[in-house]
Amino acid sequence: MDKLRYDDNSLFQTMAQGAFYQSADGSLVDVNPAALSLFGLTRDAFLGLTSEALGRRVITEDGAALAPEQFPSMVALRTGEPIQNVLAGVYNYDKHSHVWMSINAIPQFRCGETSPHQTLVTLHDISELKKVNDIHTSRLYLMRFADSHSIDELLVEVLNEVEKLTGSVISFYSVFDEKSRLVTHKAYSTRTINSFCKMPQKEWHYSETSIDKAGVWIDCVINGRPVIHNDYNSLPHRHGLPRGHAPLVRELVVPVKRNGVTVAILGVGNKADHYSEADLNTASLFADLTWDIAERKSMEDALRRSQNQLIQANEDLEQRVIQRTSDLEAAIREQQTFSYSVSHDLRAPLRHINSFSAILLEEHANAIPPEALDYLKRMQLTSSRMGALIDHLLELSRVGRTEIRRSQVHLSDLATSILRMLQETEPHRKVEKLVDPGINCIGDYHLLYQLLANLIGNAWKYTSTKTSATIEFGKTVVSGHETYVVRDNGVGFDMNYRQNLFKAFERLHGSEFEGMGIGLATAYRIIERHGGKIWAEGRVDEGAAVYFTIPTPPEHNP
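Summary of the structure given here. (Residues numbered from 1 in each chain as written. Predicted model: local features only at pLDDT ≥ 70, side-chain atom pairs only at ≥ 80, totals over all residues. Heavy atoms only, no water.)

The next thing to look at is the overall build of the protein chain. Of the regular secondary structure elements, the protein chain holds 14 helices and 19 strands. Burial status across the protein chain gives 41% buried among its 558 residues. For the protein chain, the share of sequence-separated contacts (at least 6 apart) that also reach a separation of at least 24 residues comes to 60%. (Helix = DSSP H or I, 4+ residues; strand = E, 2+ residues; numbered from the N terminus. Buried < 20%, exposed > 50% of the residue type's maximum accessible area, 1.4 Å probe, protein only. Contact = heavy atoms within 4.5 Å.)

Following the criterion strictly, the structure yields eight aromatic pairs and no others. Each ring, one from phenylalanine 20 and one from phenylalanine 39, has its centre 6.4 Å from the other, and the planes form 75°; the classification is edge-to-face. Taken as a pair, phenylalanine 20 in strand 1 (residues 18-23) and phenylalanine 39 in helix 2 (residues 33-39) lie far apart in primary sequence, 19 residues in all. For phenylalanine 20, a relative accessible area of 0% gives the class buried. Judged by relative accessible area, phenylalanine 39 falls into the buried class, the value being 0%. With a centroid separation of 5.3 Å and 65° between ring planes, the pair formed by phenylalanine 20 and phenylalanine 46 is classed as edge-to-face. With a gap of 26 residues between them, phenylalanine 20 in strand 1 and phenylalanine 46 in helix 3 (residues 43-47) connect regions that are remote in the sequence. With a relative accessible area of 0%, phenylalanine 46 lands in the buried category. Ring pairs connect the aromatic residues Phe20, Phe39 and Phe46, which therefore count as one cluster. Geometry around tryptophan 460 places arginine 429 over its ring, the cationic atom sitting 4.5 Å from the centre. (Phe/Tyr/Trp six-rings, centres within 6.5 Å; stacked < 30°, edge-to-face > 60°. Lys NZ or Arg CZ within 6 Å of the ring centre and 35° of its normal.)

Now for helix 7 (residues 151-166). Between its first and last C-alpha atoms helix 7 spans 22 Å; for 16 residues at 1.5 Å apiece the expected length is 22 Å, and the two agree. Glycine 167 lies just past helix 7 and shows a positive phi near 75°. (Expected span 1.5 Å × (residues − 1).)

Strand order in this open sheet of five strands is 14-16-17-19-18, and the pairing throughout is mixed. The two strands at the open ends of the sheet, each matched to only one other strand, are strand 14 (431-435) and strand 18 (534-539). Geometrically, the sheet is characterised by an average inter-axis angle of 20° between neighbouring strands, direction not taken into account. The pairing of strand 16 (residues 469-478) with strand 17 (residues 481-488) spans eight bridges and is antiparallel. Paired with phenylalanine 473 across the bridge in strand 17 is valine 486. Sitting on the sheet, helix 12 (residues 411-425) is in contact with strand 14, strand 16 and strand 17, with an inclination near 170° to strand 14. (Pairing = 2+ DSSP bridges. Axes fitted to C-alpha atoms, helices over the stretch in contact; angles between N-to-C directions.)

Below, the discussion takes up the nonpolar core. Leu411, Leu452, Phe473 and Phe548 are the most contacted members of the largest nonpolar core, which has 37 residues in total. Taken together, the elements giving at least two residues each to this core come down to helix 12, helix 13 (445-462), strand 16, strand 17, helix 14 (519-529), strand 18 and strand 19 (543-548). Looking at this core, the element that brings in the most residues is helix 13, giving eight residues. Apart from residues lying up to four places away in sequence, leucine 411 is in contact with Ile439, Asn440, Cys441, Leu448, Leu452, Phe473 and Tyr484. (Core = buried A, V, L, I, M, F, W, Y, C linked by side-chain atoms within 4.5 Å.)

On to unusual backbone geometry, then. Located in the positive-phi region is arginine 181, a residue other than glycine, with phi close to 60°. Positionally, arginine 181 belongs in the loop between strand 7 (170-177) and strand 8 (182-188). With phi around 65°, aspartate 541 is a residue other than glycine that occupies positive phi space. Judged by relative accessible area, aspartate 541 falls into the exposed class, the value being 53%.

This paragraph deals with the environment of isoleucine 222. Topologically, isoleucine 222 is positioned in helix 9 (residues 219-223). Residues isoleucine 222 and threonine 262 lie 40 residues apart in sequence; the distance between their C-alpha atoms is 9.3 Å.

Let us look at the pairing of strand 18. Residue alternation in strand 18 divides its side chains into a buried set, Ile534, Ala536 and Gly538, and an unburied set, Trp535, Glu537 and Arg539. Sheet topology places strand 18 next to strand 19; six bridges connect them, and they run antiparallel. Across the sheet, residue alanine 536 finds its bridge partner in strand 19, namely valine 546. Counted along the chain from strand 18 to the antiparallel partner strand 19, the turn is three residues long, and its residue aspartate 541 has a positive phi close to 65°.

A separate point is the side chain of threonine 262. Inspection of the secondary structure assignment puts threonine 262 in strand 12 (residues 261-269). Overall, threonine 262 belongs to the buried group, its relative accessible area being 6%. Excluding anything up to four places from it in sequence, threonine 262 contacts Phe176, Val221, Gly224, Pro255, Val256 and Lys257.

The next subject is the side chain of aspartate 279. Its location among the elements puts aspartate 279 in helix 10 (residues 277-363). On the accessibility criterion, aspartate 279 (2% relative accessible area) is buried. Not counting residues within four places of it along the chain, the set of residues in contact with aspartate 279 comprises Lys131, Thr166, Leu252, Lys271 and His274.

Two successive antiparallel strands, strand 16 and strand 17, enclose a turn made up of two residues, where serine 479 displays a positive phi of approximately 55°. In this structure, strand 17 lies alongside strand 19, joined through five bridges in antiparallel fashion. Across the sheet, valine 485 pairs through a bridge with tyrosine 547, a residue of strand 19.

Below you can see the structure in the form of structure tokens.
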């Protein structure tokens, strides 16, 4: 039995995890070296603690003191039930900080007794694990915080979090401009402003400071690496603190670097014990995180402004489109009214002129003097030309109003058909007709037929003086675009007047050729409505070529 007790005690003393016994009356009975290391006490000092004194050294996760009766060992003694995995921070005098532990309390009973006579308390140091978890939690919290707060509010909240994670009580965040060598203050933590720094905001010495006038924290910028001053008062190069500045015991300052250049610094100070490498890593992590989030928010703000400007521009554009659509509809209505007037109001007098002229010529020609008869014939011819002119004007008007119904159009077949019809009307003419086979496009069949009828009709007309005429229809490539061409060897035209070719009623030839000057204007309107281009080239007495493009709409691309 003695050997068994010896073995148990030996195991107890050599356990890697902390452990101690507490009796039913609350007194501490025994403790192993691992537990003494966690508490930072000697064996005598620990065993001399009362349960109340022990409880006062313990805090909950939210920082509140754990009441003695709620300490796991006391609960286990009171209930007789094991208490497991209680998270608590126990103050360590050597480290001047709390060590976070997972505490278990196991009640022990003597034979035949229903109440425990003591409890075994085991302590698992989870400080590092908790710190990693706290850092992760803080990072997630700050990223969510950034979504609904300004950059200035974010900086303050970052400092508040870094203070909690490093055990600091003051902190600041500043930006550094490499070109001007100026440090500009951006934020202090909430506790720094409310409890420590008594300067008016306008006197904050970090508002804008050149590095040669800054405090010892500027070593971080000058050397380009983090600095830890665990004994501020011993620094020989310290400048002293400005009026109203928080008292300074120790500080840790880390740089934020981008592309090898320091752009910002984060500093914390007055931790109860010395700053460590772990504190430095934590501060550096959040300094970088802050810069990244702030940079992202700046870009998001700029993007949001751009989006708002784009929305406003779209709304303005939509209003302009509505206005212009209304103007266009009004213009179309006016054009339709004009067309109706031309079609009905002008045709009626012309019909009367033609009718009465015909009656006079048929029934009273013998009674009319020759000179008057000539005038009457001229009047009838002129009214006929006026009727033809009205027909062409209406045709030009309809081209602008007709709905485009796109389908595949076989241009080669249309050109061949038009040339055959023209030949049938003048069978005596000898014209060489050259049509490239298989030329197709996507467009409105009726409008494109009218287009080719006008262009090929012009070629037929202006080659009428040639004994050996040639008219071609083909396809080529101009500036990378598929282009169609109607070419002839007729009278051609002077290129100096090419800007007038596609204007209504503009004619480059005299009365020896029939026409109203509407055909090419109509052709221009048809191509314009198909989204293409049309132009002409020619030389006097050497022929002409009219080129045009008809883009394929995106919905018809393979």
